[in-house]
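Notes for the structure review
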Amino acid sequence: MRVVVQGLSVWGPGLAGWPHAERVLRREDTWQDGPVTPPPAQCLPANERRRSGPLTRLALAAAEEASQQSGLQPSSLRGVFACSNGDGAIVDSILSAITTEGGEVSPTQFHNSVHNAPAGYWTIGHHTHVPAVALGCYDWSFAQGLLKAVAECLVEKTPTVLVVYDLPIPGPIGKARVTENPFGCAFVLQPDTTQDGICVLDITYGATTTQQDEVLHPDLMKLVPTNPAARALPLLEKIASRTEGTVKMASVPGSLSIAVTPC
Amino acid sequence: MNPFVLTAGTIVSAIGHGLAEQCHALKTRQSGLIPCDFFGITTGYIGRVSGVESHVITHGPSAFACRNNALADMACQQDGFEHAVQDAITFYGADRIAVVVGTSTSGILSAENAYLDVDAQTGFPPQTFHQSGTQDLFSLPRFLAERLGTKGPLLTVSNACASSSRAFVDARHWLEAGLCDAVIVGGADSLCRMTLRGFASLGLVSDGPTRPCDAARNGISVGEAAGFVLLEREGARPQVPALARLAGYGVSSDGHHMSSPDPQARGAIIAMQDALKQADLEPDHIDYINLHGTGTVVNDSMEDQAVSTVFGKKVPCSSTKGWTGHTLGASGILETMMSIGLMKSGFIPGCLNVTQLDPSFQSSVLTDNENRPVRRVMSNAFGFGGTNCSLIFEAA
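Conventions and cut-offs
Residues numbered from 1 in each chain as written. Chains lettered and ligands numbered in written order. Predicted model: local features only at pLDDT ≥ 70, side-chain atom pairs only at ≥ 80, totals over all residues. Domains from an automatic or database assignment. Contact = placed C-beta atoms within 7 Å. Helix = DSSP H or I, 4+ residues; strand = E, 2+ residues; numbered from the N terminus. Nonpolar A, V, L, I, M, F, W, Y, C, P; charged D, E, K, R; others polar. Buried ≥ 20, exposed ≤ 12 C-beta atoms within 10 Å, placed from the backbone. Expected span 1.5 Å × (residues − 1). Pairing = 2+ DSSP bridges. Core = buried A, V, L, I, M, F, W, Y, C linked by C-beta atoms within 7 Å. UniProt positions renumbered as here; feature names shortened; annotations may be inferred.

As recorded in an unreviewed UniProt entry, chain A goes by Beta-ketoacyl synthase-like N-terminal domain-containing protein and comes from Acetobacter indonesiensis.

What follows deals with the domain arrangement of chain B. Residues and elements named next belong to chain B. Each assigned domain of chain B is listed with its residue range as follows: domain 1 (4–233) and domain 2 (248–394). A C-alpha centroid distance of 21 Å is found between domain 1 and domain 2. The interface of domain 1 with domain 2 comprises 60 residues on the first partner and 55 residues on the second. Counting only elements with at least two residues in the side of domain 1 that touches domain 2, the list comes to strand 1 (4–13), helix 1 (19–28), strand 4 (45–47), helix 6 (163–176), strand 7 (182–189), strand 8 (222–223) and strand 9 (225–233). In terms of residue class, the side of domain 1 that touches domain 2 is built from 28 nonpolar, 24 polar and eight charged.

Quick look at unusual backbone geometry now. Most of the time, phi is negative for any residue but glycine, and the peptide bond is trans. The omega torsion of the bond from Val 252 of chain A to Pro 253 of chain A falls at -15°, within 30 degrees of zero and hence cis. In this structure, Pro 253 of chain A sits in the loop between strand 8 (245–250) and strand 9 (255–262). The phi dihedral of Cys 213 of chain B is positive, around 75°, even though this residue is not glycine. Mapped onto the fold, Cys 213 of chain B is located in the loop between helix 7 (193–201) and strand 8. Positive phi, close to 55°, is recorded for Leu 328 of chain B, a residue that is not glycine. With respect to the secondary-structure elements, Leu 328 of chain B resides in the loop between helix 10 (321–324) and helix 11 (331–345). For Leu 328 of chain B, a count of 34 C-beta atoms within 10 Å corresponds to the buried category.

This part covers helix 8 (residues 266–279) of chain B. Residues and elements named next belong to chain B. Compared with an ideal rise of 1.5 Å per residue, which puts 14 residues at 20 Å, helix 8 spans 20 Å between its outermost C-alpha atoms and is within 8% of the ideal. For helix 8, a buried count of 10 out of 14 residues is recorded, marking the element as mostly surrounded by other parts of the structure. Among the residues making up helix 8, those that are buried are Arg 266, Gly 267, Ala 268, Ile 269, Ile 270, Ala 271, Met 272, Ala 275, Leu 276 and Ala 279. Contacts made by the buried residues of helix 8 are with strand 10 (244–253), helix 9 (297–311), strand 16 (376–383) and strand 17 (387–394). Phi turns positive one or two residues past the end of helix 8, at Asp 280, with a value near 60°.

Our next topic: the sheet that holds strand 3 (residues 34–35) of chain B. All names here are of chain B. One open sheet holds the three strands; their spatial order is 3-4-8, and the pairing between them is mixed. Lying at the two open borders of the sheet, with one neighbouring strand each, are strand 3 and strand 8. Pairing of strand 4 with strand 8, which is carried by two bridges, proceeds in the parallel orientation. If you follow Ile 46 over to strand 8, its bridge partner there is Val 222.

Judged by nonpolar contacts, the single largest core of 233 residues is most densely connected at Ala 62, Phe 81 and Val 150 of chain A together with Val 100 and Val 183 of chain B. If one sorts the elements of this core by residue count, helix 6 (residues 141–155) of chain A sits on top with nine residues. Inspection of this core shows a minimum of three residues originating in each of domain 1 (4–233) and domain 2 (248–394) of chain B. Non-local contacts of Val 100 of chain B, meaning those with residues more than four positions away in its chain, are made with Leu 155, Val 157, Ala 167, Asp 170, Ala 171, Trp 174, Val 183 and Val 185 of chain B.

So, on to the UniProt feature "domain: Beta-ketoacyl synthase-like N-terminal" (unreviewed entry) in chain A. UniProt's entry tags residues 35–202 of chain A with the feature "domain: Beta-ketoacyl synthase-like N-terminal" (unreviewed entry), counted in the numbering of this structure. As annotated, residues 35–202 of chain A comprises 43% helix and 17% strand, and the C-alpha atoms at either end are separated by 34 Å.

Taken together, the contact between chain B and chain A spans 55 residues of the former and 52 residues of the latter. Where the side of chain B that touches chain A is concerned, the elements lending two or more residues are helix 4 (108–115), strand 6 (154–157), helix 6, helix 7, strand 10 and helix 8 of chain B. Class assignment of the residues belonging to the side of chain B that touches chain A gives a composition of 24 nonpolar, 21 polar and 10 charged.

Here is the structure:
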């Protein structure tokens, strides 16, 4: 399955948007740990921005940056949003409320608790009727999301934005499901391989092979296990290197083999 | 669209275990709704699956034991589904069969119970809480693959109440892309405090049994269900009879509001029109529309507007949620299975519990059952976040 990557974004510790992350991944800049502060979602009116919370802010910042880079209208892109934990802060708050005597569930929190909330805010912000799917695939949310987004992009013959993001969870759930850092990334995928872009991805899926390439950057290697979305880093590093090569990525079951060719 | 067929299917809901019991309840107009008595919550009515609390999962690791997977396991045991999957594994190979399923809350009831037993000193949930096997969204397809022995790619779709409808679309993408030869498509959602209390907080739970399309409707009854079908390319296994054909789908976003549908119904209209277009059908080729019909004031009005815009008064429609309650992310697969049953049995169920049909409605809503041939059904699902999905099934 061949697609052209026309836009990218990364937000994680010491990785503040694609231009900055690309320099770090190419080792032109040193990596420095720091808080993850993606910009507020400009596409949302102020009241929706307030209501939507940090998970939507992270997802929309990534989607927005990748779309802008692609030059395509955000409202024209099919959306594939993949996330393991959902909005852990909201889920923790609701779980606390319903298991505490006299606790009240907040109606706003309840409707924001749906897994497709960031996808919903994206479509609201861009006033679009184009569909967006929300996936939840635990530690493999990036690989399953990529496999789904590439298939959808090619079968529907429509540019597609893949957005993968997760945040640490507070409270008791967060002690059972440990996510140490925020991390989000986005890819705009173009099905027409005659078009220009950043690189071409040629993806093959093998259900019976289990292979996983590591990121080579010694600091970023430590980030990978701290967030499911950070499993994108080996692929992002290969893309940033602007060299040809193949990245293997564990899927469930099996693995993806992603051949990267710079445009 | 290349033709895909459903070669096996199974369902459990408040009106029965397996398709025959669903059809019998629909035919005899017997609702499965009962007053809510779930963990001390007494608001409204619920559609509870009998036997789920005592059901023991005998296949697969115990880490997956939770109410949602118990429902899924019960469904696996109905309608010859496990055997049908085994036959497909023999024919295609286990690694060529994917699992693409929808759920909105997975096994969150297990997390709720864990929160009642948090260590006050450390803040840790009890060690018996297996987050990844229960509350996590990916638990369901991982459990099913273990349970049924498939080894193809797995996916969980969580688009709120459109989850298991949307799963058909994602399954079709993987089939068309050649990543698999057959897909177990469907979903499960199970009763939990979070959805019962959450919908109550929004003022969306009906005091009495839900009555979709009634002038005095005032909300949903929350239900639970699990169901799965086997979706594959038409003609790939000619010796296996098809239950139905997936003729087309339409998916869209409202782009309007997180929890209120667009009053102009534009997203819903697009989903229905796109489904007809993809199936290459005219509106009057559809024999019956199974409405999302949740029983809330705004959903049913919006949907009536959308259906009457696309279909006028030509096509009979109804909601079956008066029987089962709103099974949230599982409503798509539940109503898919009902559609198959109606095509086989040749009748259309009119909405239950309607005293007076909403006089503002412009579409052709049935309130009594009608015996008539059913060759093509459209099934609608809409969810929070403004997500819409319309599926068209036709008799194979």
